[in-house]
Amino acid sequence: VVGGQPLKKPKSRKELRQEELEAEQSKADRRNMIDRSWDSMEKHLHVGNVKAATELFRQMRKLDSRVEWKEPMLLQVISKYQERSEWAKAAEYSNVYLNQFLSKADDIRLNLARLYVLHQASPRKALKTIRQLDADRLSEKQRRIAKQIMRKAKELIADGVVEVED
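Just so it is clear, the structure is predicted and the values come from calculations on it, not from any experiment.

**Regarding the packing of helix H5 (residues 105-119) against helix H7 (residues 140-158)**
As a packed pair, H5 and H7 sit with axes 10 Å apart at the nearest point and diverge in direction by 25°. By the angle class used here, H5 and H7 are roughly parallel. Crossing angle aside, the handedness with which H5 passes H7 is left-handed. In contact with Asp-106, Asp-107, Leu-110, Ala-113, Arg-114 and Val-117 of H5, H7 contributes Gln-142, Ile-145, Ala-146, Ile-149, Lys-152, Ala-153 and Leu-156.

Have a look at this one:
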């Protein structure tokens, strides 16, 4: 007895090995659940059930905090939320995209800035998002869109739009 607590008997090699096997099995079970969840997410997105898909992703994250979005699925999530006019969710997942991927970052930023101006009365956020673009990489069409968004954002600011902070 040490400090009022009985000493624990050291575990045998057999007990330690059993614990290792159980931990490995648990890890394999979690991996299988995550793999099945990706398939389910794809099905949910295919039928337009974006809320179920994003909830499934949250559940996957609980099983393994290292799970990251697959780019095509995240783009679908953004698109589905926009189709449903759920602008706050579309903005949230656009920002997730920008934190995780680069390949379509310019298009996502333009889209996000447009969303801020047209649907969230957030012209300063729109301008900040536009400033993150590298003008040298933009196509002529993208530059035109960026200028239109900047013009609209500046108009909103001049009109006294009050932007609510997150």
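**Regarding the nonpolar core**
Residues Trp-38, Met-41, Trp-69 and Ile-149 are the most contacted members of the largest nonpolar core, which totals 39 residues. Elements with a contribution of two residues or more to this core: helix H1 (13-46), helix H2 (50-63), helix H3 (71-83), helix H4 (87-100), H5, helix H6 (123-131) and H7. In terms of residues, this core owes the most to one element, H5, which gives eight residues. Leaving out residues up to four positions away in the same chain, Trp-69 has contacts with Trp-38, Met-41, Thr-54, Phe-57, Leu-74, Val-77, Tyr-93, Val-96, Gln-100 and Phe-101.

**Topic: the packing of aromatic side chains**
Under the defined criterion, the tally for this structure stands at five aromatic pairs. Ring geometry for Phe-57 versus Trp-69: centroids 4.1 Å apart, planes at 15°, classification stacked. One end of the pair, Phe-57, is in helix H2; the other, Trp-69, is in the loop between H2 and H3, and twelve residues separate them in sequence. Like Trp-69, Phe-57 is buried.

**Things to note about unusual backbone geometry**
Positive phi is not limited to glycine here, since Ser-85 has a value of about 60°. With respect to the helices and strands, Ser-85 occurs in the loop between H3 and H4. A positive phi angle, close to 45°, is found at Ala-121, a residue other than glycine. Counting through the fold element by element, Ala-121 comes out in the loop between H5 and H6.

Reading the values: the criteria
- Residues numbered from 1 in each chain as written.
- Predicted model: local features only at pLDDT ≥ 70, side-chain atom pairs only at ≥ 80, totals over all residues.
- Heavy atoms only, no water.
- Axes fitted to C-alpha atoms, helices over the stretch in contact; angles between N-to-C directions.
- Helix = DSSP H or I, 4+ residues; strand = E, 2+ residues; numbered from the N terminus.
- Parallel < 35°, antiparallel > 145°, perpendicular 65-115°, else oblique.
- Left-handed = near helix turned anticlockwise from the far one by under 90°.
- Contact = heavy atoms within 4.5 Å.
- Core = buried A, V, L, I, M, F, W, Y, C linked by side-chain atoms within 4.5 Å.
- Buried < 20%, exposed > 50% of the residue type's maximum accessible area, 1.4 Å probe, protein only.
- Phe/Tyr/Trp six-rings, centres within 6.5 Å; stacked < 30°, edge-to-face > 60°.

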